[in-house]
Each structure stands twice: as structure tokens, then as C-alpha cells.
Amino acid sequence: MRGAFMTSVKTWLGYPYPLGATWLGNGVNFALFSETAASVELCLFDNAEATEENIRIPLTEHTDQVWHVFLPDVRPGQLYGFRVSGPYDPERGLRFNSSKLLLDPYAKAIAGEVTWADEMFGYVVGGKDEDLTQDFRDDAWGVPKSVVIDNAFDWHDDKKPGIPLHRSVIYEVHVKGFSKLWHAVPEELRGTYAALGSPAAIDYFKKLGVTALELLPVHAHIDDKALIDRGLTNYWGYNTIGFFAPHAQYSSSGQFGEQAVEFKSMVRNLHAAGIEVILDVVYNHTAEGNHLGPTLCFRGIDNLAYYRLQPDNPRLYLDFTGTGNTFNLLNSRALQLVMDSLRYWVLEMHVDGFRFDLASSLARDHEGVNKLHAFFEIIHQDPVLSQVKLIAEPWDVGEGGYQVGNFPVLWAEWNGKYRDTMRSFWKGDEGRIGELAYRLTGSPDLYQHNGRRPYASINFVTAHDGFTLTDLVSYNEKHNELNGDGNKDGDNNNHSWNCGVEGPTDNPEINALRDRQRRNFLTTLFLSQGVPMLTGGDEWGRTQNGNNNAYCQDNENSWFNWERDEKQNQFLEFTRKLIQLRKDHPVFRRPKFFQGRRIRGSEIRDVMWFNPGGSEMSDEEWASPFVRCIGILLSGDTMDVFNFQGEPIRDETFLLLINAHFEPIPFVLPGQEHIEWQLILDTMDPNGFLMEPRKFASGDDVDLGGRASCLLQLVSGAQAQAREESWKKRHVEFPALSAEEERARGK
């Protein structure tokens, strides 16, 4: 239909379901929910550059609060929007304005971007009454258009990988930033869905060993006017305007429906390689902002239904998200939109799961965060959504919003306590040893009480939001000046440590310590129970130059640099080997919590904790603020984990030694006489994994370096004999921080 000019069009009654624009083979059905609108018009455009619609069609049929029409002459590719009439009365929460063209909330593709001007706002910008005075200027010339698409696609017998969560390794990545500078991808594909599904990218992911890509938002989003005015953009994309449409700017093939086809092709290619796709989704708010925001979609269709408004002053919005508004999941139609969107991405786009941004806000009712919220109840009973990966970011900015550990069964969570504990421990903070033990073993203190498993814990040290791994060990303070907010944005509480100098340095000792700290972080991340999430680029050492909030940096500050030096390639190889080690050994990715005690009358203890003297940790040592060194023994011959056929899964026994003290500590190896251990990983070594593993007998000292970790594997002797205190144990005194270190910390 694009390019064909129409002055009139045949109209039939149409159907109230499904919502949105649906190509039925013999025409297109349009259906739009609005409970309080007085009238609705469908506007058709003959091309993306059109400054006004070439035809308006009044929707005369109105069934169950849904306005609908069927157009037998319309085809996929048609550009359209809606105009919705009704009272403009912000003090009653009503913001209808038919002079503003509105996107379809169910649009499967969106073409064009917002050209910011005062006309994009429903009120007179700069007027003395702020948003109380209606703006009657038409804005169709400057807003994106919805696109009718054909859902048909050849999936080539696509089969979802179906990787159990406990065996997953998640790679968080930005569609554009990953490939924008990559010479291995044709230039016209860089920064797109096609690049992410290209042979070069798939080869990279396979060699790295990750099982799932967690994509930063790919729902259609817009760039805030405030950022555009500063010469920036909303790079991360947490500014959704279309919950069904793939973001068109990540498409190499076009924006008139081609973006949906390209996205599907990417998923199909990744699935064929055994890699899952998880979407970071933003249902907590929209791009329309607060009462002074633009009118682009939901606000002009039914403001009362789609947004949480202040009960005593519905002119203003409840804001649990820090973005000006909160999507109203207490309204059945808004809730339906979210569920329809989720099912669409699973059934039509074949994605494997979701990470829900600020998920606490989705479960808020009038009392606060409610674990019995309809949002949870609907997902749990849904035969489609209950079977995909559900990951919560378990907090928002409202009161009582920090809900780590409180989401229901079926949900995994970004474990913010894991991140904070690991950062504090490796920085050398006091009194972290007990919490470290919880985090290494899947956080049973958070997840075991309500029937959840270790894989409820998505473990991460870094994420898109915050420092990269390299910056975490290179900066004490954030450096966000390029964002244009005077370095006031971004979190001040980073638990980071620059190892003695702020930012890049030529000091070889400091650089060696930073490299070791990065190896320590990844060693503990990939050898912890739970599900590791690696931030894209951390595997080789990406830097954002100290920016811990690069949400608006759509440039080389955020994009991957594929020109890596020898040290970066060495770190990449270390990361690959760590992931492979986890993959090879089920003892590091148990689907059940450790018992930590003798199991069912047997002599097996699945996990044991040792001090450097070769003795089991005492209560006094667990309580000591000075203990920063510990050994964790993982038994490979436990009997409580089985394969599908009911056979026990056996593995080797490993001993992980961890030392966050600034000085080396000799560690006495546990076990009876004639037990032999092999040292396979030492973060003091620049390679991490030893080229020639070294053997030690039980009772021997392993020289555990300052701020270092070692992994040993039992190679000789019975596993039961290794699960004993050392036959040559000795008393140890734990050192505190040095005076020099105290000063360096500024304590």
C-alpha cells in the first residue's frame, strides 16, 4: 500500500479482537481500546515523509470499549495512526487531543522517529498554566507511524534450545554496540539484528561458551527531547513507546515491517546454534514521561487506563520508576496489553525469556509491592509464559521497592546482593566472609525458604548499568561528565577500588593488581552456584573511561572495540576457559542447594569450609571481621542430583581457595594422608589457568597470593578421604589491613 495514494477506502464493520492492526489475508482489521474516548479516527498515510494523512476513517463501531473497523483494500506495509477525541481536562486525568497523531499500542512495526517540536505536546509548551492549556496544532508531520505487517515467516523448523536455567551462561549485550565497529561483519549490517545473528557473531558466542544473549531493550523506543537537545540519545533504550515493535534503528533491511523479519531471522540463526534469546523488557513506564511529557500514544488514547495517577490529584502521575510515570497494571486492559506483548514475543518472535526492568513496580497495588498481584498470577497460570525464563530486576525507586529474594517461584532475580558482596569482599572490606559463603553457594538465605532453587539467583558483578569490570578496578569515583548532568547522574555507591591510582596508569604493579582482581571477580562469578551473567565486553576488558551510567553514550565510549591487544586476548582466553570449566563440571552448577552436612546417613558432605590452617572454619572465624581468606571444598560424588533417567550425576571434587588479604597466605591443603591435589588455576598467573598444573599432597602448603584465588582438583585418593581436615593442620592468625591500606581506602 505504501506509495499508493488513496482518497477513499472501503470500510467494513471489523472485529473488536484481536487488538491492533491484523492482516487477515483479505484485508486488515483495526481495533483500539479506549474506555473514555468520545470518538476515534483511523489515519492512513501513503509514505513515511507525508506531513499529513491522506485519509481519515471514523471508527463507528464500538464493542466492549474497543473501536474497530475492517479495511478490505489495505495491505501489509500500510502506514497508519489514530486520532482520539474526548475531554482535555488534566485535572480529572483526561488528556484527549485529536490534533495529535497517536501510535497504535499494538503496532507490530513503527516507522520513523520523533522530530521534536512543541507540537508533540498536548499542551501549550511554556504557557503560564503549564499542561492545563490545550495545544491545537497538528503534529502528524513529526511523529512516527504505525505499520501493518504480515506475520508470515519461514522458521525452518526452528526449535527453541530449552537450556535449563542452572546450565545457562547469560551474556548481556546491546544490539548496536556489539557490532558497530566490527570489521568481521559487512559494514551495512553493523549495529543491527542481522549482525547479531551473523556467522561471525555466532562463532564468537560459541567459542566464548555463553548459552543465552540477554538483549538490552529492543522494543521500539524514542530519544528524549532533553537528550536530543544536548546532542545525545537514549542509547540503552529504556524509553519504550511500542511494546510489540522491534526497534527500527537496529534493522539493516528497512522499517516498514522488515525489522520484524530481520529480528526473526536473528533468533532463528541463534537458535540453530543452540543459543537462546532473552529480552530486557520495560513494562514499568513509557516514553511519555510525566504530566509535562509528550502525547504520542497511551496518554492520548486513555490516560486514566494506562497510567497510575495520583488519587487525590489525577493531573499528576505516580512515579515508582524515576522516569515520570508508571504503567497501570491495575487496569485489566493495560495488564492485557503487557500479557499480549509477552506472548507475542514468545509465540511470533520465538524468544526464550524476559528480564523485567524495575520489576517491583509491576507488582505494586495501592498498598505497595504485592506478591499476589494479578501480574504474577496471570503469568504463573499461563501455559506459554510460565514456561519461559522469567528474570526480575527486583527493585524500583518507590518505598519498599528493594525486593531481592522476595519474588515467587518460577522467577529468577538479578541478585544485587551477590554483586555488592563480591565487590566489597575483593575490595577488602571487613566482615564479609559469612555473606560471601552464602553468595558462592547460590544464596540459600534468599531463595531456599520458599521452594526456589540456586538458579533463582542470577549472579553478576557488573551489568550495563554501572562500571564495566575494567572500570570497577580502575576508578573509585564515577566520571559521567560526558552525560551533561555535571556528573550528578549515576550511582555513587559502586563498591569499586582503583587499586591505588584513579584511571589509566603506567604503573606495572597497579596494572598487575587490576588484572588479578578482574580474574578474581570472574573466577568467583563462574564458580558460584546460581546462574552467571557476563556483561558484554568484560570478557576482554572493555572500558567506559569511568562512566557508570552510559545510557546516553551512543558512541565509541559504549561500542565494542574489536582491535584488541595481546593482554585483552589473554583475558578473553581466560574467560573462555572458565566458562568451559563450568560447563564441564556439574558440581559448579547444581540445580539443588548444598546440604552442608552429612547426607542421609552417608559420609558425604557436599560442601565444606576450611581456614588456611587446614581446619574447618570455626564459629569464631565466621564471625570475625578480619577473616578474608577461606577454602571451599565441593564434593563431586554427592547423591542428591540425578539425570532424567534417575542416575546420580557424578563429578570431580574441587577446592577453591580465596584470599582478599593484601598479603600472601600459605594454605594447608585438607584431607587425610596420601591425598593428591592438582592446582589448575591461580589468578596470580597472568594466564589464570596454569600451562603446567602443579601437584600437591594433602598437608602441603599452597602459596595463596595476596588478593588471589586458586582452584585445585582432587586427582588421587578417595573423595571421602579428601573431605577431612588436614592431617597436618596448624593454628592460623588472620591479618587485618595494613596501615597503608587503611589510608588508601580513606577509612
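Only a predicted model underlies this, so the values are computations on that prediction, with no experimental measurement involved.

Scoring rules and cut-offs
Residues numbered from 1 in each chain as written. Predicted model: local features only at pLDDT ≥ 70, side-chain atom pairs only at ≥ 80, totals over all residues. Heavy atoms only, no water. Helix = DSSP H or I, 4+ residues; strand = E, 2+ residues; numbered from the N terminus. Rg over C-alpha atoms; globule rule 2.2 N^0.38 Å. Buried < 20%, exposed > 50% of the residue type's maximum accessible area, 1.4 Å probe, protein only. Contact = heavy atoms within 4.5 Å. Lys, Arg positive; Asp, Glu negative; His and termini not counted. Charge placed at Lys NZ, Arg CZ, Asp CG, Glu CD. Pairing = 2+ DSSP bridges. Axes fitted to C-alpha atoms, helices over the stretch in contact; angles between N-to-C directions. Phe/Tyr/Trp six-rings, centres within 6.5 Å; stacked < 30°, edge-to-face > 60°. Expected span 1.5 Å × (residues − 1). Polar contact = N/O pair within 3.5 Å; in protein donor to acceptor, adjacent residues only side chain to side chain. Core = buried A, V, L, I, M, F, W, Y, C linked by side-chain atoms within 4.5 Å. Left-handed = near helix turned anticlockwise from the far one by under 90°. Nonpolar A, V, L, I, M, F, W, Y, C, P; charged D, E, K, R; others polar. Salt bridge = Lys/Arg side-chain N within 4 Å of Asp/Glu carboxyl O. Parallel < 35°, antiparallel > 145°, perpendicular 65-115°, else oblique. Arc of directions from axis to C-beta. Disulfide = S-S within 2.5 Å.

Some points on the overall build of the protein
Item 1. Within the protein, the secondary structure is distributed over 17 helices and 31 strands.
Item 2. Taken over C-alpha atoms, the radius of gyration comes to 28 Å for the protein, in line with the 27 Å a tight globule of 747 residues would show.
Item 3. Expressed along its principal axes, the backbone C-alpha trace of the protein runs to roughly 90 × 55 × 55 Å.
Item 4. When each of the 747 residues of the protein is scored for burial, the buried share is 62%.
Item 5. Summarising the internal contacts of the protein: among those between residues at least 6 apart in sequence, 73% fall at separations of at least 24.
Item 6. Across the protein, the mean location of the 73 positive side-chain charges is 3 Å away from that of the 104 negative side-chain charges.

Remarks on the sheet that holds strand β11 (residues 145–147)
Item 1. If you walk across this open sheet you meet the 5 strands as β4-β3-β7-β11-β10, and the pairing is antiparallel. Only two strands of the sheet have a single neighbouring strand rather than two, namely β4 (55–58) and β10 (109–111). This sheet shows a mean twist of 35° between the axes of neighbouring strands, independent of strand direction.
Item 2. The pairing of strand β7 (residues 79–85) with β11 spans 2 bridges and is classified as antiparallel.

Describing the packing of aromatic side chains
Item 1. Summed over all chains, the structure comprises 52 aromatic pairs.
Item 2. Ring centres 6.3 Å apart and planes at 80° place the aromatic pair W236 and Y238 in the edge-to-face group. As far as the burial class goes, W236 and Y238 line up, both buried.
Item 3. Their ring planes at 80° and their centres at 6.0 Å tell us that W540 and F560 sit as a pair that is edge-to-face. One end of the pair, W540, is in the loop between β23 (531–535) and α14 (566–584); the other, F560, is in the loop between β23 and α14, with 20 residues separating them in the sequence. There is no split in this pair, since W540 and F560 are both buried.

Regarding the pairing of strand β18 (residues 313–317)
Item 1. By the bridge criterion, 2 bridges tie strand β17 (residues 309–310) to β18 in an arrangement that is antiparallel. Bridged to L309 within β18 is Y317.
Item 2. Taking the residues that link successive antiparallel strands as the turn, the β17-β18 hairpin has 2 residues.

Structural notes on helix α13 (residues 508–527)
Residues spaced three or four apart along an α-helix point in a common direction, a consequence of the helix completing one turn every 3.6 residues.
Item 1. The end-to-end C-alpha distance of α13 is 28 Å, a good match for the 28 Å that 20 residues give at a rise of 1.5 Å each.
Item 2. Across the 20 residues of α13, 16 count as buried, placing the element largely inside the fold.
Item 3. Where α13 begins, one side-chain oxygen reaches toward the backbone nitrogen of E509, 2.9 Å away; that side chain belongs to N507.

Some remarks on the nonpolar core
Item 1. Membership of the largest hydrophobic core comes to 175 residues, with the highest contact counts inside it found for Y171, F178, F205, F356 and F375.
Item 2. When residues in this core are grouped by element, the largest group, 9 residues, is from helix α7 (residues 332–347).
Item 3. Excluding residues that lie within four positions of it along the chain, F375 makes contacts with L329, L335, V338, M339, F356, L362 and W411.
Item 4. Membership of the second largest hydrophobic core comes to 20 residues, among which are I675, L704, L712 and L714.

Focus on the packing of α7 against helix α8 (residues 374–381)
Item 1. Put simply, α7 and α8 touch, their axes get as near as 11 Å, and they point 35° apart. Of the two elements, α7 crosses α8, and the hand of that crossing is right-handed. For the pair α7 and α8, the contacting residues are L335, V338, M339 and L342 in the first and A374, F375, I378 and I379 in the second.
Item 2. Here the contact of α7 with α8 is composed, by residue class, of 8 nonpolar, no polar and no charged.

Section: unusual backbone geometry
Item 1. The step from Y17 to P18 runs through a cis peptide bond, and the omega angle for that step is 0°.
Item 2. Mapping P18 onto the fold places it in the segment before β1 (20–23).
Item 3. Unlike most non-glycine residues, N545 shows phi in positive territory, near 55°.
Item 4. With respect to the helices and strands, N545 occurs in the loop between β23 and α14.
Item 5. The class of N545 is partly exposed, set by a relative accessible area of 45%.

Quick look at the pattern of salt bridges
Item 1. Summed over all chains, the structure comprises 37 salt bridges.
Item 2. With a closest N to O distance of 3.2 Å, R92 and D89 form a salt bridge.
Item 3. The class of D89 is partly exposed, set by a relative accessible area of 22%.
Item 4. D640 is the salt-bridge partner of R590, the closest N and O atoms lying 2.8 Å from each other. Of this pair, R590 sits in the loop between α14 and β24 (607–610) while D640 sits in the loop between β25 (629–634) and β26 (654–659), and the two are 50 residues apart along the sequence.

Considering the packing of α13 against α14
Item 1. As a packed pair, α13 and α14 sit with axes 10 Å apart at the nearest point and diverge in direction by 20°. By the angle class used here, α13 and α14 are roughly parallel. For the crossing formed where α13 meets α14, the hand is right-handed. From α13, N511, D515, R518, R519, L522, T523, L525, F526 and L527 reach across to α14, where they touch K567, F571, F574, T575, L578, I579, L581 and R582.
Item 2. Of the residues in the contact of α13 with α14, the class split is 9 nonpolar, 3 polar and 5 charged.

Some remarks on the environment of D465
Item 1. Tracing the chain through its elements places D465 in the loop between β22 (457–459) and α12 (469–472).
Item 2. According to the relative accessible area criterion, D465 is partly exposed, its value standing at 44%.
Item 3. C-alpha separation for the pair D465 and R650, spaced 185 residues apart in sequence, amounts to 38 Å.
Item 4. Dropping the residues within four chain positions of it, D465 is found in contact with W236, N548 and N549.

A word on the pairing of strand β30 (residues 701–704)
Item 1. The alternating pattern of β30 places V702 and L704 on a buried face and D701 and D703 on a face that is not buried.
Item 2. Here strand β27 (residues 665–668) runs beside β30; their pairing, made up of 4 bridges, is antiparallel. Residue P666 lies in a different strand from β30, and its bridge partner there is D703.

A short note on α8
Item 1. Within the sequence span of α8, burial applies to F375, F376 and I379. End-on view of α8: buried residues confined to an arc of 95°, all on one side of the axis.
Item 2. If you follow the buried residues of α8, they end up packed against α7, β19 (353–356), β20 (389–392) and β21 (411–414).

Concerning the environment of P72
Item 1. Considering the arrangement of structural elements, one finds P72 in the loop between β6 (66–71) and β7.
Item 2. Note: C-alpha distance between P72 and N331 (259 residues apart in sequence) is 33 Å.
Item 3. Setting aside its immediate chain neighbours within four residues, P72 contacts K10, W12, N26 and G27.

Things to note about the state of the cysteines
Item 1. One pass over the structure, following the stated rule, counts 0 disulfides.
Item 2. Looking at C499, it has no disulfide partner, and the nearest cysteine sulfur is the one in C710, 18 Å off.
Item 3. Distance from the sulfur of C629, which forms no disulfide, to the nearest cysteine sulfur (C710) is 9.6 Å.

Overview of the sheet that holds strand β5 (residues 61–63)
Item 1. Spatially, the 4 strands line up as an open sheet ordered β1-β2-β6-β5, and their pairing is antiparallel. Looking along the sheet, the strands with just one partner apiece sit at the ends: β1 and β5. The mean inter-strand angle of the sheet, taken between neighbouring strand axes irrespective of direction, is 25°.
Item 2. By the bridge criterion, 4 bridges tie β1 to strand β2 (residues 28–33) in an arrangement that is antiparallel. Note that in β2 the partner of A21 across the bridge is F30.

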